[in-house]
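Analysis of the macromolecular model
One letter stands for each residue in the lines below.
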Amino acid sequence: FAVHENTGPSQSIGTVLATDPNCGDNTVPGCLRYRLIPASVYFTIDNSGVIYTTGTPVNREMNNMVNVTVEVSDYGTGSASVLTMALIAILDRNDVPPCFELTSYMLTAVENEDDLLVSLLQTIDTDLGNNSQIAATLYGSQSDHFYSRHFTNGSVAIYTNTTLDREAIPVYYIMVQAIDMGTMQLNCSSMLTIMVEDVNDNCPVFSTGSSSTVTLNEFAPIGFRAL
């Protein structure tokens, strides 16, 4: 049998049917008695052998299979009984949002490098299939200087979209969002602070220009400041 996790109460998931030649029409309710032993907090069974959910949530991320033992007994003198096991697979719902390993990151990027890999971030989503696959986007007033790529293993790569100039903008603040591909999409965000590392890309210049005229007294002593 199978049922989605977090299913509400009274949802039929399957039938365990027993027969007893002493019972006549074994499909008549009350001819045989069904019960789960021990009693389950997640499932119950009626006297037709139909298994129902109780409404107590089953978390697939914690328990993806539930085994229940069904006892069937008759009402005869010296009641006879038989046991069987029902395996109930717990199917995934998109109930867990993706999350980054950190809520904020401090990163660095070298200036003057276009299409530079800044960092490889990792997301975690314990759902299955499309419910666990993510897409990533960047947003914020400075996000157009960077772009992201996402991969099936949940990792998100951040690249520079333009050459950075530390002397113009020494630090960038952007947000990265991961959103899953489930029917009811869930998401998470993380703050990126990207410090631009300096390279020696500027020549020194004289503050007075390329040439200066200095007038000195002919009797100026040694060590006299001329400029």
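Only a predicted model underlies this, so the values are computations on that prediction, with no experimental measurement involved.

Quick notes on the rules
Per chain, the residues get numbers from 1 upward, laid out in the order the sequence is written. Confidence filtering applies because this is a predicted model: local features only for residues at pLDDT of at least 70, side-chain atom pairs given and counted only at 80 or more, and all residues used for totals across whole chains, interfaces and linings. Side-chain measures were taken over the full set of non-hydrogen atoms in the model, leaving aside hydrogen atoms and water. When DSSP finds two or more bridges between two strands, those strands count as paired. Think of it this way: any DSSP run of H or I at least four residues long counts as a helix, any run of E at least two long counts as a strand, and we number them from the N terminus. Fitted lines through C-alpha atoms serve as axes, helices being fitted only where they are in contact, and the angles separating the N-to-C directions of these axes extend from 0 to 180 degrees. Each Phe, Tyr or Trp ring, with Trp reduced to its six-membered ring, pairs with another whose centre is within 6.5 Å; inter-plane angles below 30 degrees give stacked pairs, above 60 give edge-to-face pairs, and intermediate values give tilted ones.

1. Let's talk about the sheet that holds strand 3 (residues 32-36)
Strand pairs in the sheet, formed through backbone hydrogen bonds, run parallel or antiparallel to each other. If you trace the four strands from one edge of the open sheet to the other, you get 1-7-6-3, paired in mixed fashion. Strands with a single pairing partner mark the edges of an open sheet, and in this sheet they are strand 1 (2-4) and strand 3. Looking at each pair of strands side by side, their axes are set apart by 30 degrees on average, direction ignored. Bridge count between strand 3 and strand 6 (residues 65-74): five bridges; the pairing is antiparallel. Bridge pairing in strand 6 links Arg-33 to Ser-73.

2. Structural notes on the pairing of strand 12 (residues 146-150)
The pairing of strand 12 with strand 13 (residues 155-160) spans five bridges and is classified as antiparallel. Across the sheet, the residue bridging to His-150 is Val-156, located in strand 13. Hairpin connection, strand 12 to strand 13: the antiparallel pair is bridged by four residues, and Gly-154 has positive phi, about 90 degrees.

3. Details of the sheet that holds strand 5 (residues 50-53)
The three strands lie next to each other as 2-5-4, forming an open sheet whose pairing is antiparallel. The two strands at the open ends of the sheet, each matched to only one other strand, are strand 2 (12-15) and strand 4 (43-45). Each strand of the sheet is rotated relative to its neighbour by a mean of 25 degrees, with strand direction disregarded. Two strands pair when backbone bridges link them, and strand 2 and strand 5 are joined in this way by three bridges, in the antiparallel orientation. Across the sheet, residue Gly-14 finds its bridge partner in strand 5, namely Ile-51.

4. Comments concerning the packing of aromatic side chains
Summed over the entire model, instances satisfying the criterion amount to three aromatic pairs. A centroid spacing of 6.4 Å and a plane angle of 65 degrees characterise the contact between Tyr-42 and Phe-43, whose relative ring orientation is edge-to-face.

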